[in-house]
Amino acid sequence: MSEVINERIGKEYKAGFITEVDSETMPPGLNEDVVRAISAKKGEPEWMLEWRLKAFNIWKNMKEPEWAHVHYPKIDFEAISYFSAPKSMADKPKSLDEVDPQLLETYEKLGIPLHEQEILAGVAVDAVFDSVSVATTFRAKLEEAGVIFCPISEAVHKHPELVKKYLGTVVPVNDNFYAALNCAVFSDGSFVYIPKGVRCPMELSTYFRINEAKTGQFERTLIVAEEGSHVSYLEGCTAPMRDENQLHAAVVELVALDNAEIKYSTVQNWYPGDEEGKGGIYNFVTKRGVCHTNAKISWTQVETGSAVTWKYPSCVLKGDNSIGEFYSVALTNNYQQADTGTKMIHLGKNTKSTIIAKGISAGKSQSSYRGLVRMSPMAEGARNFTQCDSLLIGDKCGAHTFPYIESKNPSAIVEHEATTSKVSDDQMFLCQQRGIDPEKAVSMIVNGFCKEVFKELPMEFAVEAGKLLEVSLEGSVG
Amino acid sequence: MLNIKNLHAAVEDKTILKGLNLEIKPGEVHAIMGPNGAGKSTLGNVLAGREGYERTNGEVLFNEKDIFEMDPEERAAEGMFLAFQYPVEIPGVSNLEFLKASLDAIRKYNNQPELDAVSFMKMARETCKAVNLDQSFLKRGVNEGFSGGEKKRNEIMQMMLLQPKLCILDETDSGLDIDALQVVAKGVNDLRDSNRSFVVVTHYQRLLDYIVPDYVHVLADGKIVKSGGKELAHELEDKGYGWLDNNEVA
Amino acid sequence: MSTTHNYIQESIELSEALENNSPTAWLSDFRKMQRIKLEGATVPTRTTEHFKYNNLTALNQGGLAKFPESPAVSAELPSLVSSLEGDTIVLIDGRFDSSSSKISGSHLVAFHEANEDQQKTIKDALSRQNFAKNIFNRVNAGLTHSGWLVEFNKSVDYRPLHIVHITTQAAVDSVINEQLIVKLNSMAEATVIEHFVSDNNIKSGKTISHQSAHFDIGDAANLQHYRLHLEHSAHIHFGQCTFWLNRDSQLNSFHLATGGIIKRIDLDVIHQSNGSHAEINGVYLAADKQQVDYHTNVEHRTPHCTTQEVFRGLIGGEAKAVFNGRIHIYPDAQKTLAELSNKNLLLSNKAEIDTKPELEIYADDVRCAHGATISQMDSTAMFYLTSRGIPKEKAKLMLSFGFVNELINNINNDAIVDYLQPLLTQFFKQTVTE
């Protein structure tokens, strides 16, 4: 049966089209002037520019990390353009009606209509196209509840006190190479602020789209949940099929103040490259959240795209009784490489964390779980449970587990388990004997393998994630 | 319904079945007994099309069709059901989901409309009850963490739900206590009718007290060496398989 | 720290000095190669992945990179020497002590007595080890001047081989380097006990020792191996055990270490032919300000091999324990079965454990799993015992034993069990009364 599964590996990337839109793209290369130019494009205040320049100077002296279990040619940072925006966005359209119909069409093709009447009820969307946000829906309705949901470039102008207070507090400028780069050149992304005691009336989501060639995308997201508030946020990512690799280096910061809860879900479907491993996105992302007392941050990710992924959504459990969760499905096929996992830093008393990571490797891909669980001396009564499972489809791929577990508190309990398995001949035969064809059988088994993670996704996205997995595995069975 | 002629089959290049002949007509129950290593389980697996079980000679017609021209799922859709000796666990895939996928596929093959969710649920609950399985089993992963008896009852439940034409029970009685055995037997007996046939593969006569066969065949060294009525089973029980070596086979 | 020394560079100088008057001149090229490779190297720091959790500052305080000037003439032997039936090699401060050693048969050869064939076997074994991960393997290789080659053949009923390494006051502020090469030819069976202790009369000061052991286990051969590190708490040790498993061979290896300034032991288990089986068990115990570190690496290079690995750690005081357990399945190693379990008890508020079980898998039809836990003593179990009238300390002792008994009971050599029991009791008593 394994031969059967191995055959016909090849998949269809449905978001691979290119939008023909007139864009203004900065020439490739990075220096102080480029940083100044980006800042000027956005008409940023002086403090923002200073922050960027400081980050740029730190970045210049940093080295690219090499510890991840991934291999790719060295990135030439001088060959990348750091800013690209559709020309039609230069005048900042006031409403959806003024947005270039071609851009709206792009999102429609991706299944994300931006007209409020058509969109899934109860989901507000911020659409980011290359370096700019093109539209944010349901803003009026959110404002009624006091929720701020806008492009971060706009928040710099309209809510400077909030941005100044929180930007760079979770992921410091010098955190790592890609985070520092992002601080210097970040273009756009979403800003979310949920006031005290407010339960955000709808799901918030951002769809990131890379369109322009030879351009890096450096988005930045900041979510602040005030005391006792609650928000569920989802991001989706796609890019056209291009032969050359493109860099995506995002930073996401979450702040959950006392008793607040943030649920952050990602369906990452950047272009993974073709069957020969040509092209695809380098997805080097820093995501981290801080939990204050009794707060909870839950990361759920379904990763099917990108040529190379380097991503560890993490929780700093600073406040007592705070909770961190990480649910992940990472599927790699063809020549994809994923090195992903999480960090749970337990600082407060009775903090709890749960990590469920499912890796599925097919084709010639490599999938690694890399995680850190740290129990600090103060983490009295803290608990962690980690379960990492790998499923291998075919004998040319690899599945790896690198968990770092550190404890300095005897009352803390850490449990880590990892297993690896394959879609067994017996399972396939049982399904076939009951009349189920092999392709459907593999997809059922893989979905079953991921169930614990899918149940954490908001309903409509769970369905989407299941379908995405099917597409990504398409043809992995003969 | 099923016509096996001179069937030879090998597992990993080792010939296990060496010229087996058997004809099963609609409504008949055939018991196949024999010592360990006689090829009993091989028969069920070859018929259902398990990978690694290779037909090396002979032919098998099921509903007048050559089964070796069909994939396992096609054989299933044609109405062949194998109750596994060792039911397989599929973590995370619920019984319900599995049963629905199976039933849908078989109905589709036979040009029947998909069953709507409500009727399906009703049917699933009823069959669950019929084999004394709690309804919570429907939501659990396929055989995941089931006890031996629960797994076997789950096989019978699937059989009842899918209503196959030919049911092959591969040592379904092994490892069952008497209560579970009765549940399994009742499930089988309830399904017996003039159009449905059974092949009951077993090592022990005990099961045949509950599922009374029309014919009993003794399989030894890859061939049927003796056939008879239900009384043959008792004879075997009294005298043991060694009796055959001394009389018939030698 | 007054002046910063570089232990690695100092060891190069020491290695050079060996060339002046060495009974093992035939190893000169080998040592030279190591010196070249060590050129410019420094003691690893926290940024070196494989030493991420080790505090090696003691090495840069200087004064260690010299051989003992006059090794002790005698030392108190551990009781296991008399209770264990078998051949004994006693090495005091690295010097072979013939008076207390018992050797029967010609299968034991000291490096300086090796004939040409044996010299080749030794050089091959020394060159074959993995130097990439642990720089101290190379340091020891560069300082190779003494060691033993042991060869076991089939159909010979060998007595267990007990190799006792004793360090005394005479080895304080110096370095001891040893090598052991064990070859089990096809179908041979052998028991080897490596035993490291400090003389009870050491008053003060630290000693550093390096020892690398190489085991080549032939087709269908069977090795029963023990390695006990019971040196005192001011000891520094860097050890390496490499096991090469050939077709259908079997390895059962038991490890136990108490803490030192740092004791770092690397195990490499390499399945290089079909059908081999390895069982690796270990216990590490650290109290006070000790450090202990096991790095295990199991490589499945061929199909149908199995590995069972279990390590248990108890860490009290302000001690730190590190465990790194890697299982690596090569693309061709189908049908591998490999399991690793690592459980740790933290016994005090200032103790620390860093564990990293790793899986690296490149074949699909394999069953691999690992698990790691860190906790303190189970409070419900404690309550259950005390509610039955058992005093708290006794209960803790019972539970400590309960934590390691699974491994101790598996040792099928009564003399070793009897020897370890009181040591464990002493350690548990110390840590539970803290």
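Please refer to the structure higher up on the page.
A. Layout of the overall build of chain C. If you tally the helices and strands in chain C, you get eight helices and 19 strands. Against the compact-globule benchmark of 22 Å for 434 residues, chain C has a radius of gyration of 21 Å, which places it among compact chains. Dimensions of chain C, computed from the C-alpha atoms along their principal axes, are close to 70 × 55 × 45 Å. The buried share of chain C, taken over its 434 residues, is 62%.

B. Expanded view of the interface of chain B and chain A. Taken together, the contact between chain B and chain A spans 29 residues of the former and 20 residues of the latter. Of the roughly 2,100 Å² buried at the junction of chain B and chain A (both faces included), carbon and sulfur atoms supply 62%. Between Lys-451 of chain A and Glu-97 of chain B there is a salt bridge; the shortest N-O distance is 3.1 Å. Joining chain B to chain A, the criterion identifies 10 residue pairs in polar contact (both at pLDDT 80 or more). Those elements that provide at least two residues to the side of chain B that touches chain A are helix 1 (40-48), helix 2 (72-77), strand 6 (80-83), strand 7 (90-94), helix 3 (95-109) and helix 6 (148-162) of chain B. A total of six residues in the side of chain B that touches chain A trace back to one element, the largest contributor, which is helix 3 of chain B. Looking at the side of chain B that touches chain A residue by residue, the classes come out as 17 nonpolar, six polar and six charged.

C. Quick peek at the arrangement of the chains. In this assembly, two pairs of chains are in contact, and the pair with the greatest number of contacts comprises chains A and C. Looking at chain B next to chain C, you find no contact at all, with the nearest C-alpha pair sitting 15 Å apart.

D. Spatial organisation of the pattern of salt bridges. Inspection of the entire model under this criterion finds 55 salt bridges over all chains. The salt bridge involving Glu-227 of chain A is made with Lys-196 of chain A; its shortest N-O contact spans 3.9 Å. On the criterion of sequence distance, the pair formed by Glu-227 of chain A in the loop between strand 8 (220-225) and strand 9 (230-238) and Lys-196 of chain A in the loop between strand 6 (190-194) and strand 7 (203-209) is long-range, its members being 31 residues apart. On the accessibility criterion, Lys-196 of chain A (59% relative accessible area) is exposed. Across the salt bridge formed by Lys-133 of chain C and Asp-268 of chain C, the nearest N and O atoms sit 3.5 Å from each other. Pair noted here: Lys-133 of chain C is in the loop between helix 4 (116-128) and helix 5 (135-142) and Asp-268 of chain C is in strand 12 (residues 262-271), with a separation of 135 residues, a long-range link.

E. View of the sheet that holds strand 4 (residues 53-62) of chain B. All names here are of chain B. Spatially, four strands are ordered 2-1-4-5 in an open sheet, and the strand pairing comes out antiparallel. Only two strands of the sheet have a single neighbouring strand rather than two, namely strand 2 (14-24) and strand 5 (65-66). In the sheet, strand 1 (residues 2-11) pairs with strand 4 via eight bridges, with the strands oriented antiparallel. Counterpart to Lys-5 in the pairing with strand 4 is Glu-59. Where helix 1 meets the sheet, its contacts fall on strand 1, strand 2 and strand 4, and the angle it forms with strand 1 comes to roughly 105°.

F. Representation of helix 9 (residues 231-239) of chain B. All names here are of chain B. The set of residues buried in helix 9 consists of Leu-232, Ala-233 and Leu-236. Looking straight down helix 9, one finds that the buried residues subtend no more than 105° of arc, so they occupy a single side. Seen from the open side of helix 9, the exposed residues pointing more than 90 degrees away from its buried face are Glu-231 and Asp-238. One or two positions beyond helix 9, positive phi appears at Gly-240, with a value near 80°.

G. The interface of chain A and chain C, seen in detail. Listed per partner, the contact involves 31 residues of chain A and 33 residues of chain C. In total, chain A and chain C occlude about 2,600 Å² of area from one another, counting both sides; carbon and sulfur atoms represent 52% of this. Between Lys-408 of chain A and Glu-352 of chain C there is a salt bridge whose closest N-O contact spans 3.6 Å. For the pair chain A and chain C, the number of links is 15 residue pairs in polar contact (both at pLDDT 80 or more). Elements supplying a minimum of two residues to the side of chain A that touches chain C: strand 23 (398-407) and strand 24 (413-422) of chain A. Here the side of chain A that touches chain C gets 10 residues from one element, more than from any other, and that element is strand 23 of chain A. Partitioning the side of chain A that touches chain C into residue classes produces 12 nonpolar, 13 polar and six charged. Looking at chain direction, strand 24 of chain A and strand 19 (residues 367-375) of chain C are connected through seven bridges and run antiparallel. Bridged to Glu-417 of chain A within strand 19 of chain C is Gly-371 of chain C.

H. The arrangement of the packing of helix 7 (residues 392-408) of chain C against helix 8 (residues 414-432) of chain C in detail. Residues and elements named next belong to chain C. At a minimum axis distance of 10 Å, the contact between helix 7 and helix 8 shows a crossing angle of 140°. By the angle class used here, helix 7 and helix 8 are oblique. Of the two elements, helix 7 crosses helix 8, and the hand of that crossing is right-handed. Note on element contacts: helix 8 touches helix 7 through Val-417, Gln-421, Leu-424, Thr-425, Phe-428, Lys-429 and Val-432, opposite Glu-393, Lys-396, Leu-397, Ser-400, Phe-401, Val-404 and Ile-408. Its residues assigned to classes, the contact of helix 7 with helix 8 shows eight nonpolar, three polar and three charged.

I. Just the nonpolar core, in detail. In this structure, Phe-152 and Phe-215 of chain C are the most contacted members of the largest nonpolar core, which totals 100 residues. Apart from residues lying up to four places away in sequence, Phe-152 of chain C is in contact with His-107, Tyr-158, Leu-161, Val-182, Lys-183, Leu-184, Asn-185, Ala-188, Ala-190 and Val-192 of chain C. One finds Ile-360 and Ile-436 of chain A together with Leu-43 and Ile-90 of chain B within the second-largest nonpolar core, a separate group that totals 59 residues.

J. Seen up close, the packing of aromatic side chains. Residue and element names in this part refer to chain A. Applying the stated criterion across every chain yields a total of 33 aromatic pairs over all chains. Seen in terms of ring centroids, Tyr-178 and Trp-310 are 5.4 Å apart; in terms of plane orientation they differ by 70°. Their pairing is edge-to-face. With Tyr-178 in helix 8 (residues 177-185) and Trp-310 in strand 15 (residues 308-311), the pair connects residues that are 132 residues apart, well separated along the chain. Side by side, Tyr-178 and Trp-310 carry an identical accessibility label, which is buried. A network of ring pairs unites the aromatic residues Phe-56, Trp-59, Trp-67, Tyr-72, Phe-77, Phe-177, Tyr-178, Tyr-282, Phe-284, Trp-310 and Tyr-312 as a single cluster.

K. Looking closely at the environment of Lys-455 of chain A. Along the chain, Lys-455 of chain A turns up in the loop between helix 10 (438-454) and helix 11 (459-473). C-alpha separation for the pair Lys-455 of chain A and Tyr-327 of chain A, spaced 128 residues apart in sequence, amounts to 9.6 Å.

L. Representation of helix 2 (residues 28-38) of chain C in the model. Residue and element names in this part refer to chain C. Burial in helix 2 covers these residues: Phe-30, Arg-31, Gln-34, Arg-35 and Leu-38. Down the axis of helix 2, the buried set is contained in an arc of 140°. They therefore lie on one face. Residues of helix 2 that are exposed and point over 90 degrees away from its buried face: Asp-29, Ile-36 and Lys-37. Those residues of helix 2 hidden inside the fold are in contact with helix 1 (7-18), helix 4 and helix 5. Remark: Gly-40 follows helix 2 within two positions and exhibits a positive phi of approximately 80°.

Definitions and limits used
- Residues numbered from 1 in each chain as written.
- Chains lettered and ligands numbered in written order.
- Predicted model: local features only at pLDDT ≥ 70, side-chain atom pairs only at ≥ 80, totals over all residues.
- Heavy atoms only, no water.
- Helix = DSSP H or I, 4+ residues; strand = E, 2+ residues; numbered from the N terminus.
- Rg over C-alpha atoms; globule rule 2.2 N^0.38 Å.
- Buried < 20%, exposed > 50% of the residue type's maximum accessible area, 1.4 Å probe, protein only.
- Contact = heavy atoms within 4.5 Å.
- Buried area = accessible area lost by both parts, 1.4 Å probe.
- Salt bridge = Lys/Arg side-chain N within 4 Å of Asp/Glu carboxyl O.
- Polar contact = N/O pair within 3.5 Å; in protein donor to acceptor, adjacent residues only side chain to side chain.
- Nonpolar A, V, L, I, M, F, W, Y, C, P; charged D, E, K, R; others polar.
- Pairing = 2+ DSSP bridges.
- Axes fitted to C-alpha atoms, helices over the stretch in contact; angles between N-to-C directions.
- Arc of directions from axis to C-beta.
- Parallel < 35°, antiparallel > 145°, perpendicular 65-115°, else oblique.
- Left-handed = near helix turned anticlockwise from the far one by under 90°.
- Core = buried A, V, L, I, M, F, W, Y, C linked by side-chain atoms within 4.5 Å.
- Phe/Tyr/Trp six-rings, centres within 6.5 Å; stacked < 30°, edge-to-face > 60°.

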